[in-house]
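Chain and residue survey
Below, each chain spelled out in residue letters.
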Amino acid sequence: YGSYLNRLLVSAFWPIALIGLIILGCVVYVGGRRVRAREPLDREGWRAVLTTALLRALPPCLIVTFVCVPMASMRILRTFTCLHFTVDDITGEGATYLADDLSISCDSPEYKEVEAWAIGLIFLWPLGVP
């Protein structure tokens, strides 16, 4: 799986890549039909191709976002859950670790980088898509 940051980024961006492929496939399909029908692909022709392709792509893109918003949002929001473990009972000294990946200390630079990405991704999925 790689690092936690890689897993976070993949879970946040693979749906966007899939939506892009769906739209591209629809553009190719609609454009191909227009070419086979020997209709011109001038400026107005391309506008018609893009409009029709986007309308065809809308239902599958909505399904992808409907399915992916909970998964991506859950991964992003789990980034902010740290668990505190007491290391020394006498002094009360402890350490905090990321609940989703206990190999990452919440005081480490690696966690700060992951946290910064998660803050940015909140605007993409949990707040941006619905």
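Residues numbered from 1 in each chain as written. Predicted model: local features only at pLDDT ≥ 70, side-chain atom pairs only at ≥ 80, totals over all residues. Heavy atoms only, no water.

So, on to the state of the cysteines. One pass over the structure, following the stated rule, counts one disulfide. Note that C82 is cross-linked by a disulfide to C106, the S-S spacing being 1.9 Å. Here the disulfide of C82 and C106 is left-handed, its torsion about the S-S bond being about -100 degrees. Here C106 lies in the loop between strand 2 (94-98) and helix 3 (109-122) and C82 lies in strand 1 (residues 82-86), a separation of 24 residues in the sequence. A residue is classified by how much of its surface remains accessible, and C106, at 5% relative accessible area, is buried. Free of any disulfide, C61 has its nearest cysteine sulfur in C26, 7.2 Å distant. Accessibility expressed as a relative area gives 11% for C61, which makes it buried. (Disulfide = S-S within 2.5 Å. Helix = DSSP H or I, 4+ residues; strand = E, 2+ residues; numbered from the N terminus. Buried < 20%, exposed > 50% of the residue type's maximum accessible area, 1.4 Å probe, protein only.)

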